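Okay, here's what each chain looks like letter by letter:
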Amino acid sequence: MGNYTHETVPTQFVEANGIRYAYRRFGQPGTIPLLFLGYFNSNMDGWDPDVTNRLAAGHEVILFDVAGVGASGGKTPPTVAEITKHCVAFCRALGLKQIHVVGFSLGGMIAQQLGLEHPQLVGRLILLGTGPRGGEDMTFAELSPEEQADPVAFLLAALFSPSEASQAAGREYAKRVESRKSDRDLPVSRDSAVAQLAAIREWGTIPAAGRYATLKSITPPTLIVHGNKDIVVTPINAFILAEHLPNAQLIMYPDANHAAYSQYAENFVENARLFLGG
């Protein structure tokens, strides 16, 4: 495990409840694994290798496709709560007793649900570009035909701010996510994307009462990382998380959009290491 990198680690499979889950596992064995849960319409190849490889120098890293995503079997459920059940089944199939969770956007919503329902499993949470259940402006629209036609242009616009520095960081990120040349993950299917969008919209629906009441029950120590120019999950959501979670700290990066963790990879990894070290 210790000899592999993001670019070279083989894809493995494990079965639970009749569903075959795809995952990649590398980094330092004997540590509490970091389970990475990705953003909408992404697969294991969507993570920034500059971040995963740096973190793998001191931690075990597990990249994972939830049911119906990429190379994993089954169907993607249309709610975060149901998706979370698949994450728990996957962890049990691997015999994981404790994990730290790194959740980006939709993955951060799943991470919150894991922390709420399974505090004995989750040691620490790192929430990237995400928001609370019933947060502000979190019912997203479908991608337009133009956005679907040019995925790189869409990535640069949705994940990085318009500034020259941020766009340059985005172009470097786009190169890095293509650096794995063999055994790449399968694309996300249209059915899975539709289900994921439904899950995000359900999560973003404002409840009739107790809008943020459940956040006080998410007790694992939490690091919230956000960009101050995030147009996908507006920054107010990061402040709401920081205000209501009982054990949270917030990093807000300047001139950064949805992929702030990647734009500030070196700084983020250093802060993540300090946070994970307790």
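Please refer to the structure higher up on the page.
Anyway, here's the lowdown on the structure attached to this text. Please read all numbers here as calculations on a predicted model, not as lab measurements. (Residues numbered from 1 in each chain as written. Predicted model: local features only at pLDDT ≥ 70, side-chain atom pairs only at ≥ 80, totals over all residues. Heavy atoms only, no water.)

This next bit is on the pairing of strand β7 (residues 222-227). Strand residues, when the strand is regular, have side chains that alternate between the two faces of the sheet. Of all six residues in β7, six are buried, a share of seventy percent or more. Here β7 shows no split at all, with Thr 222, Ile 224 and His 226 on one side and Leu 223, Val 225 and Gly 227 on the other all buried. In the sheet, strand β6 (residues 122-128) pairs with β7 via four bridges, with the strands oriented parallel. Among the inter-strand pairings, Ile 126 is bridged to a residue of β7, identified as Leu 223. Where β7 meets strand β8 (residues 248-253), six bridges bridge the pair, whose relative direction is parallel. Following the sheet pairing, Thr 222 is matched in β8 by Ala 248. Once you follow β7 into helix α8 (residues 236-244) and on to β8, the crossover reads as right-handed. (Buried < 20%, exposed > 50% of the residue type's maximum accessible area, 1.4 Å probe, protein only. Helix = DSSP H or I, 4+ residues; strand = E, 2+ residues; numbered from the N terminus. Pairing = 2+ DSSP bridges. Right-handed = clockwise from strand over helix to strand, strands pointing away.)

Counting buried residues in strand β4 (residues 60-64) gives five out of five residues, a clear majority hidden from the surface. Residues of β4 alternate between two faces, with Glu 60, Ile 62 and Phe 64 on one and Val 61 and Leu 63 on the opposite face, all of them buried. With five bridges connecting them, strand β2 (residues 19-27) and β4 associate as antiparallel partners. Each bridged residue has a counterpart across the sheet, and for Arg 25 the counterpart in β4 is Ile 62. By the bridge criterion, three bridges tie strand β3 (residues 34-37) to β4 in an arrangement that is parallel. Within β4, the residue paired with Phe 36 across the bridge is Leu 63.

Formed by 48 residues in total, the largest nonpolar core has its most connected members in Tyr 21 and Phe 90. With seven residues, the single largest contributor to this core is helix α2 (residues 80-93). Among the nonpolar cores identified, the runner-up in size contains 38 residues, and Ala 22, Leu 34, Leu 156 and Ala 260 belong to it. (Core = buried A, V, L, I, M, F, W, Y, C linked by side-chain atoms within 4.5 Å.)

In this fold, Ser 179 is placed in the loop between α6 (164-176) and α7 (190-204). In the structure, Ser 179 is positioned 18 residues away from Ser 161 in sequence and 23 Å away in space, judged by C-alpha atoms. Excluding residues that lie within four positions of it along the chain, Ser 179 makes contacts with Glu 7 and Pro 49. A polar side-chain atom of Ser 179 sits 2.5 Å from the main-chain carbonyl oxygen of Arg 176. (Contact = heavy atoms within 4.5 Å. Polar contact = N/O pair within 3.5 Å; in protein donor to acceptor, adjacent residues only side chain to side chain.)

Applying the stated rule across the entire model yields 12 aromatic pairs. Relative to Phe 90, the ring of Phe 64 lies with its centre 4.0 Å away and its plane at 20°, an arrangement referred to as stacked. Taken together, the positions of Phe 64 in strand β4 and Phe 90 in helix α2 put the pair 26 residues apart, joining distant regions of the chain. For the residue pair Phe 64 and Phe 90, the accessibility class agrees, reading buried in each case. Centre to centre, the rings of Tyr 261 and Phe 268 are 6.0 Å apart; their planes meet at 80°, and the pair counts as edge-to-face. (Phe/Tyr/Trp six-rings, centres within 6.5 Å; stacked < 30°, edge-to-face > 60°.)

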